[in-house]
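# Summary of structural features
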Amino acid sequence: MSAEVKDAPVAIAVDARVAPEACASMAEVRHGVDALDRALVVLLAERQRYMDAAARIKPSRDVVHDDARIEDVVQKVLAAAGPAGLSPAIAEPVWRTLIDRCIAHELAAWDRTRT
Ligand SMILES: O=C(O)C(=O)C[C@]1(C(=O)O)C=C[C@@H](O)C=C1
């Protein structure tokens, strides 16, 4: 790692919200969901930027899609999901779709910048 090492943990601002367990109305529930979605968007946008970096760094277009790495990512997500209380029935399909879309983004970035 060099020059621009990111701080860890990532500090993401999440707007004020009522804790899920304390919600008494659907307005409070939806306010909380919308606040978390805005924070997730910030994290996913940074994740997407790593795809641009991968497209810049990978030695060939053929290695953009990497089945072994996909399974590694999904297993790590599922390992983190358990302790965090995230259902694997949500985590696994969400991440498989996310990775699929990230591969499409990475391929498009490759074609735009490397060909
Ligand atoms: O780890 C990589 O090689 C990536 O490019 C990231 C990523 C991902 O979205 O997690 C995307 C494409 C690969 O097929 C595997 C994983």
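Note that the structure is a prediction, hence the values are computed from the model and not measured.

## Notes on the UniProt feature "domain: Chorismate mutase" (unreviewed entry) in the protein
According to UniProt, the feature "domain: Chorismate mutase" (unreviewed entry) maps to residues 20–110 in the numbering used here. Note that residues 20–110 is 80% helix and 0% strand, and that its end C-alpha atoms are spaced 41 Å apart.

## Digging into the site of the ligand
Taken together, 14 residues lie around the ligand, and Arg47, Lys58, Asp66, Arg69 and Glu106 are the ones closest in. The separation between an oxygen atom of the ligand and a polar main-chain atom of Asp66 is 2.9 Å. Between an oxygen atom of the ligand and a side-chain N or O atom of Glu106, the distance comes to 2.7 Å. Relative to its unbound accessible area of 360 Å², the ligand is 89% covered by the protein chains. Of all the elements in the fold, those that place two or more residues in the shell around the ligand are helix 1 (26–57), helix 2 (67–84) and helix 3 (88–114). The biggest single contributor to the shell around the ligand is helix 3, with four residues. In terms of residue class, the shell around the ligand is built from eight nonpolar, one polar and five charged. Each of domain 1 (1–57) and domain 2 (61–115) gives at least three residues to the shell around the ligand.

## Considering the environment of Val94
Here Val94 shows up in helix 3. A C-alpha to C-alpha distance of 20 Å links Val94 and Gly32, two positions 62 residues apart in sequence.

## Brief notes about the UniProt feature "binding site: substrate" (unreviewed entry) in the protein
Listed under "binding site: substrate" (unreviewed entry) in the UniProt record, and renumbered for this structure, are Arg30, Arg47, Lys58 and Glu106. These annotated residues cover 77 residues of sequence, and their C-alpha atoms sit far apart, with the largest distance between any two at 40.8 Å. Here Lys58 is to be found in the loop between helix 1 and helix 2. In this structure Lys58 touches Val63, Val64, Glu106, Trp110 and Arg114, once residues within four positions along its chain are discounted. Looking at where Glu106 falls in the secondary structure, it is placed in helix 3. Setting aside chain neighbours within four positions, we find Glu106 in contact with Met51, Ala54, Ala55, Lys58 and Val64. At 3.0 Å, the side chain of Glu106 and the side chain of Lys58 are in polar contact.

How each quantity is defined
Residues numbered from 1 in each chain as written. Predicted model: local features only at pLDDT ≥ 70, side-chain atom pairs only at ≥ 80, totals over all residues. Heavy atoms only, no water. UniProt positions renumbered as here; feature names shortened; annotations may be inferred. Helix = DSSP H or I, 4+ residues; strand = E, 2+ residues; numbered from the N terminus. Near = heavy atom within 4 Å. Polar contact = N/O pair within 3.5 Å; in protein donor to acceptor, adjacent residues only side chain to side chain. Areas by Shrake-Rupley, 256 points an atom, 1.4 Å probe, with all protein chains shown as cover. Nonpolar A, V, L, I, M, F, W, Y, C, P; charged D, E, K, R; others polar. Domains from an automatic or database assignment. Contact = heavy atoms within 4.5 Å.

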